[in-house]
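Listed below, chain by chain, are the residues.
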Amino acid sequence: MPRERSAAFAPGRVNLIGEHTDYNAGLALPFAITEGVTVRARANGTQRVQAHARQLGERDEFPLADPPPATGWRAFVRGVVAELERAGFPLAGARLEIDGGVPTGMGLSSSAALEVSLCLALVQLGAAGPPGGEPADVDRKLIARLCSRVENEWVGAHTGLLDQLASLYGAVDTAQLIDFRTLALEPVALRLGDWRLVVLDSGERHRHASSGYNERRTECARACELLGIDSLREADAHALVRLPQPLRARAEHVLAENLRVLDAVAALSAGDLPALGALLNASHASLRDLYEISTPAVEAAVARLREAGASGARMVGGGFGGSVLGLFAPGTRPPADARGVRPGAGAHVLRA
Ligand code: GLA
């Protein structure tokens, strides 16, 4: 018997450093933020799903079996149902209430928060067990891959696993060092004392399916082909001269960014936050000049953070808009419209 009700929360994320490394089998250091999406599910005794996106005031309804494709937020909901079904999870027809606290298109992974919270709520609802019983056991890496298929196949964004793993494995006061070659995660304490991390909206919304994101991914794949390797993680820095531009610049970014992730872990464990700030600045310069994914609006946001005294500032997420992350030392004051972010709990089932 499926349960009558279930609920789950999944957070968005900020990637401290390690951008555009996930689909290159590289390294990244994200943390889950305290804002996220909550999904409440109630079995409706039918073979259909009725979904309500509260913030948008929009609804959707579709069959559990073989949902037809859709666009916008509906593509995520239908994709999650279809992929869970395909993976063999027992599902029940349900009414879904989706409540979101992560603004979309800001580079804070509102989409991962949506996919992951939907997955956990639906798996919990379909799993046999007493009402309010223990959360169903889920393989979180399998859920991350499944959500990534939703992005790739239902939304058309060829994103990697960064956002989903960050949302699924987040922990209070902790960032996760992720090695995308092995999918090993290692918690890294992110205690900032009186330092502050903030995000500033560039005002420019992005969509990975239509920005240059997919093109960057294709360029990295082409660079690998030319170098005769499976991923840029295996690339020898000296071999990059063999690549034509802009492929060489893209690969140079990825290799240097992996090293910056390790340097950031070292800076954090030494409590050297000025060094972390310098690494954020170097990451941004590389994303702007080598990866070429910045925009005038993003540059203006970076400049505002630096003028306000940030020790480091860089774009976060896929690029072409979204938010900029800033690190502020004690005694400095971020711009009034910047939002503080701190590492919060990962995705979890809630008492329904
Ligand atoms: C987006 C994608 C991630 C990752 C980042 C860039 O957030 O969803 O998979 O590639 O961009 O680091």
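The sections below set out a description of the structure shown in this document. Remember, predicted model here, so these are calculated numbers, not experimental data.

### Re the overall build of the protein
- Within the protein one finds eight helices and 13 strands.
- Taken against the 2.2 N^0.38 rule, which gives 20 Å for 352 residues, the C-alpha radius of gyration of the protein at 20 Å falls within 12% of a compact globule.
- Along the first, second and third principal axes, the C-alpha atoms of the protein reach 60 × 50 × 35 Å.
- Taking as baseline every contact in the protein between residues at least 6 positions apart, the subset at least 24 positions apart corresponds to 71%.

### Here we look at the environment of glycine 203
- With respect to the secondary-structure elements, glycine 203 resides in the loop between strand S9 (196-201) and helix H5 (213-227).
- For glycine 203 and leucine 142, which are 61 residues apart along the polypeptide, the C-alpha to C-alpha distance reads 34 Å.

### Observations concerning unusual backbone geometry
- In this chain, glutamine 245 is followed by proline 246 through a cis amide linkage whose omega measures 5°.
- Within the element layout of this structure, proline 246 appears in the loop between H5 and helix H6 (247-269).

### Topic: the pairing of strand S5 (residues 58-63)
- For strand S4 (residues 48-53) and S5, the ladder comprises six bridges, and the chain directions are antiparallel. Considered in S5, the bridge of valine 49 is made with phenylalanine 62.
- Adjacent in sequence and paired antiparallel, S4 and S5 are bridged by four residues, among which glycine 57 carries a positive phi angle near 65°.

### Regarding the site of the ligand
- What surrounds the ligand is a group of 13 residues, the closest being Glu19, His20, Asp22, Asp163 and Tyr213.
- Histidine 20 places a main-chain nitrogen or oxygen 2.7 Å from an oxygen atom of the ligand.
- Starting from 310 Å² of accessible surface for the ligand in isolation, the protein chains cover 99%.
- Here the shell around the ligand is built from residues that sort into three nonpolar, six polar and four charged.

### Some remarks on the environment of glycine 331
- Within the secondary structure, glycine 331 sits in the loop between strand S11 (323-328) and strand S12 (339-340).
- With 136 residues separating them in the primary sequence, glycine 331 and tryptophan 195 have C-alpha atoms 8.7 Å apart.

### A short note on the nonpolar core
- Within the largest apolar cluster, 76 residues are counted, with the highest numbers of intra-cluster contacts made by Val14, Leu29, Phe31, Leu96 and Leu325.
- It is helix H2 (residues 110-126) that provides the largest number of residues to this core, a total of 10 residues.

### Structural notes on the pairing of S4
- Across five bridges, the pairing between S4 and strand S6 (residues 94-100) is parallel. Bridge pairing in S6 places histidine 52 opposite glutamate 97.

### Concerning the packing of helix H1 (residues 73-86) against H2
- Where H1 contacts H2, the axes come no closer than 10 Å and their chain directions differ by 40°. By the angle class used here, H1 and H2 are oblique. As for how H1 packs across H2, the hand of that crossing is right-handed. Across from Trp73, Phe76, Val77, Val80, Val81 and Leu84 in H1, the residues of H2 making contact are Ser111, Leu114, Glu115, Leu118, Cys119, Leu122 and Val123.
- Within the contact of H1 with H2, the residues separate by chemical class into 11 nonpolar, one polar and one charged.

### Remarks on a positive patch on the surface
- Residues Arg5, Arg42, Arg59 and Arg95 make up a contiguous surface patch of positive charge.
- By the element assignment, arginine 59 lies in strand S5.
- Overall, the relative accessible area of 57% leaves arginine 59 in the exposed class.

### A word on the sheet that holds strand S10 (residues 312-315)
- Taken together, four strands build an open sheet; the order of strands is S10-S11-S9-S12 and the sheet is antiparallel. Each having just a single partner strand, S10 and S12 make up the two edges of the open sheet.
- In this structure, S10 lies alongside S11, joined through four bridges in antiparallel fashion. Opposite methionine 315, over in S11, you have valine 324 as the bridge partner.

### A word on the side chain of arginine 216
- The topology assignment puts arginine 216 in helix H5.
- Judged by relative accessible area, arginine 216 falls into the buried class, the value being 6%.
- If we ignore the near neighbours within four places in the chain, the residues touching arginine 216 are Tyr23, Arg250, Tyr291, Glu292, Ile293 and Phe320.

### Observations concerning the sheet that holds strand S7 (residues 174-179)
- In space, the three strands of this open sheet follow the order S2-S7-S8, with antiparallel pairing throughout. At either margin of the open sheet sits one strand with a lone partner, and together these are strand S2 (27-28) and strand S8 (184-189).
- One ladder, built from six bridges, connects S7 with S8; its direction is antiparallel. From the neighbouring strand, aspartate 179 faces S8, where its bridge partner is alanine 184.

### A few points about the side chain of asparagine 258
- You can see asparagine 258 is positioned in helix H6.
- What makes asparagine 258 buried here is its relative accessible area of 7%.
- Those residues within four positions of asparagine 258 in sequence are excluded, and the remaining contacts are Thr21, Gly26, Leu27 and Arg233.

Analysis parameters
Residues numbered from 1 in each chain as written. Predicted model: local features only at pLDDT ≥ 70, side-chain atom pairs only at ≥ 80, totals over all residues. Heavy atoms only, no water. Helix = DSSP H or I, 4+ residues; strand = E, 2+ residues; numbered from the N terminus. Rg over C-alpha atoms; globule rule 2.2 N^0.38 Å. Contact = heavy atoms within 4.5 Å. Pairing = 2+ DSSP bridges. Near = heavy atom within 4 Å. Polar contact = N/O pair within 3.5 Å; in protein donor to acceptor, adjacent residues only side chain to side chain. Areas by Shrake-Rupley, 256 points an atom, 1.4 Å probe, with all protein chains shown as cover. Nonpolar A, V, L, I, M, F, W, Y, C, P; charged D, E, K, R; others polar. Core = buried A, V, L, I, M, F, W, Y, C linked by side-chain atoms within 4.5 Å. Buried < 20%, exposed > 50% of the residue type's maximum accessible area, 1.4 Å probe, protein only. Axes fitted to C-alpha atoms, helices over the stretch in contact; angles between N-to-C directions. Parallel < 35°, antiparallel > 145°, perpendicular 65-115°, else oblique. Left-handed = near helix turned anticlockwise from the far one by under 90°. Patch = residues over 30% accessible without salt bridge, like charges linked within 9 Å, V, L, I, M, F, W, Y side chains within 5 Å. Salt bridge = Lys/Arg side-chain N within 4 Å of Asp/Glu carboxyl O. Lys, Arg positive; Asp, Glu negative; His and termini not counted. Charge placed at Lys NZ, Arg CZ, Asp CG, Glu CD.

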